[in-house]
Amino acid sequence: MSLDRDAREKLVRALADAMIQHADELTSLDQAIGDGDHGLNMKRGFDAVLAALPGLADKALPEMLRTIGTTLVMKVGGASGPLVGTFFMELGKALPEASARADLVAATDKAVTAVKARGRSDAGQKTLLDVLVPVQTLLAEGGDASSVAAEASRAADRTIPMLAIRGRASFLGERSIGHMDPGARSTALLIGAAVATLVSEANS
Amino acid sequence: MSSSNAGNVGIVIVSHSPKIAEGAADMVRQMVGNAVPLAWTGGDVDGGLGTNVAGILEAIAAAWSPAGVAILVDLGGAETNSEMAVEMLPEERRARVVVCNAPVVEGAVIAATESSGGSSLAAVKRSAEEFYA
């Protein structure tokens, strides 16, 4: 996988659009079981990422990902900033400039491990890790683009019946059951947007 | 934000609400006066409820002491953002900043009281965390 400058800019815009267009939906999910700021926070972070264009896309992919991560850490606020930001930063650190599938599998594994450490959490606690972990596993097992995107969306749906153990939703105890986790949803949206861009680039 | 006096362990208060952070800092000052370096931060970058890494880094710098800095936080995001801020510090400062697992108001007052007696960073953290243990 190698993305030229144009493709890198498309990737950044696709990620940002996914968050900006779904800001209200994410906020309403977060109002149900959290503090109601997830949509606004992610939008703020990705507005700042967009503002770094066009220079951002001039950077090589690893450096671009690290910069996106740092920007999210500094701008998002809430726990999602460090969590999603750490994912991008670690992915950028681990990914070589011209990366093969095996590199992507290894880099996403490192990035997911870093998110677990940052949140002192793991899959099963109704967080973004309930999307990241199964998607990374599927990627490692050789899943193709469309199955990865579908799994991201299904994994977010699977957080609906889960009991929140980590994060603000855990204060609600059993009342957290029956609602999709907003962080899982935003992560699934980002993965969906990334996959769609990479597929359209591969076909162009 | 405010700070003063070096030497003793610095205290940083991080709350989602700037009013809570400032109020807790007022309570600390009432207890220990200017005997400990003290700073507070609260709110997201747009001024809404939340916490932000840049604000926390500024507060750590404002409350910096060679003896180290103890951070008191309220809810999850404050803790995650504080840990992120600590990791972003220059290497030589990183090991001298700790995030305490303690209630923000009580923890800040107890930590500052311990610090004002010249205690080490480890002792300050322990006293804040032991109060409710």
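Let us look at the structure shown here. (Residues numbered from 1 in each chain as written. Chains lettered and ligands numbered in written order. Predicted model: local features only at pLDDT ≥ 70, side-chain atom pairs only at ≥ 80, totals over all residues.)

**Some thoughts on the overall build of chain A**
Reasoning step 1: When helices and strands are counted, chain A shows 10 helices and zero strands.
Reasoning step 2: Overall, chain A shows an N-to-C arrangement of helices and strands of α-α-α-α-α-α-α-α-α-α.
Reasoning step 3: Its C-alpha atoms give chain A principal-axis dimensions of roughly 45 × 35 × 30 Å.
Reasoning step 4: Per-residue burial over chain A gives 50% buried out of 204 residues.
Reasoning step 5: Taking the intrachain contacts of chain A between residues at least 6 apart in sequence as the baseline, contacts between residues at least 24 apart amount to 62%. (Helix = DSSP H or I, 4+ residues; strand = E, 2+ residues; numbered from the N terminus. Buried ≥ 20, exposed ≤ 12 C-beta atoms within 10 Å, placed from the backbone. Contact = placed C-beta atoms within 7 Å.)

**With respect to the overall build of chain B**
Reasoning step 1: Along its length, chain B carries six helices and four strands.
Reasoning step 2: Against the 2.2 N^0.38 benchmark of 14 Å for 133 residues, chain B shows a C-alpha radius of gyration of 13 Å, consistent with a compact globule.
Reasoning step 3: Each principal axis of the C-alpha atoms in chain B carries an extent, and together these give about 35 × 30 × 30 Å. (Rg over C-alpha atoms; globule rule 2.2 N^0.38 Å.)

**A few points about the nonpolar core**
Across soluble globular proteins, you tend to see nonpolar side chains buried next to one another.
Reasoning step 1: Within the largest apolar cluster, 98 residues are counted, with the highest numbers of intra-cluster contacts made by Ile11, Ile13, Ala70, Ile71 and Leu72 of chain B.
Reasoning step 2: In terms of residue count, helix α10 (residues 182-203) of chain A provides more of this core than any other element does, eight residues in total.
Reasoning step 3: Other than its neighbours up to four places away in sequence, isoleucine 13 of chain B contacts Ala21, Ala24, Ala25, Trp40, Leu72, Val104 and Ala108 of chain B. (Core = buried A, V, L, I, M, F, W, Y, C linked by C-beta atoms within 7 Å.)

**Focus: helix α6 (residues 80-94) of chain A**
Reasoning step 1: Here α6 of chain A contains 15 residues, and its C-alpha end-to-end distance of 21 Å stays within 8% of the 21 Å for a straight helix at 1.5 Å per residue.
Reasoning step 2: The element α6 of chain A is extensively covered by neighbouring structure, given that 13 of its 15 residues are classed as buried. (Expected span 1.5 Å × (residues − 1).)

**Looking at the pairing of strand β4 (residues 97-100) of chain B**
Residues and elements named next belong to chain B.
Reasoning step 1: Along β4, one buried face is formed by Val97 and Val99 and the opposite face, lined by Val98 and Cys100, is buried too.
Reasoning step 2: As paired strands, strand β3 (residues 69-73) and β4 are joined by four bridges and run parallel to one another. Its bridge partner lying in β4, leucine 72 is registered against cysteine 100. (Pairing = 2+ DSSP bridges.)

**Points about unusual backbone geometry**
Residue and element names in this part refer to chain A.
Reasoning step 1: The step from leucine 53 to proline 54 runs through a cis peptide bond, and the omega angle for that step is 0 degrees.
Reasoning step 2: Turning to its location among the elements, proline 54 is positioned in the loop between α3 (38-51) and α4 (55-58).
Reasoning step 3: We note that arginine 120 has phi near 45 degrees; this positive angle belongs to a residue other than glycine.
Reasoning step 4: Structurally, arginine 120 is set in the loop between α7 (101-119) and α8 (129-140).
Reasoning step 5: Its 11 C-beta neighbours within 10 Å are what place arginine 120 among the exposed residues.

**Focus on the pairing of strand β2 (residues 38-42) of chain B**
Residues and elements named next belong to chain B.
Reasoning step 1: In terms of burial, β2 is largely enclosed, as five of its five residues are buried.
Reasoning step 2: Neither face of β2 is exposed, since Leu38, Trp40 and Gly42 on one face and Ala39 and Thr41 on the opposite face are all buried.
Reasoning step 3: With five bridges connecting them, strand β1 (residues 10-15) and β2 associate as parallel partners. By the bridge assignment, isoleucine 11 is partnered in β2 with leucine 38.
Reasoning step 4: Note on the crossover from β1 through helix α1 (residues 18-32) to β2: the handedness is right-handed. (Right-handed = clockwise from strand over helix to strand, strands pointing away.)

**Regarding the packing of helix α2 (residues 23-33) of chain A against α10 of chain A**
Residues and elements named next belong to chain A.
Reasoning step 1: Here α2 crosses α10 at 160 degrees, and the two axes come no closer than 9 Å. Of the possible angle classes, the one that applies to α2 and α10 is roughly antiparallel. The residues of α10 that touch α2, namely those facing Leu26, Leu29 and Asp30, are Pro182, Arg185 and Ser186.
Reasoning step 2: Its residues placed into classes, the contact of α2 with α10 shows three nonpolar, one polar and two charged. (Axes fitted to C-alpha atoms, helices over the stretch in contact; angles between N-to-C directions. Parallel < 35°, antiparallel > 145°, perpendicular 65-115°, else oblique. Nonpolar A, V, L, I, M, F, W, Y, C, P; charged D, E, K, R; others polar.)

**Description of the sheet that holds β1 of chain B**
All names here are of chain B.
Reasoning step 1: Ordered in space as β2-β1-β3-β4, the four strands form an open sheet in which the pairing is parallel. Across the chains shown, the open sheet's two edge strands, defined by having one partner strand only, are β2 and β4. Each adjacent strand pair in this sheet contributes to an overall mean axis angle of 20 degrees, direction not counted.

That is the geometry; function is a separate question.
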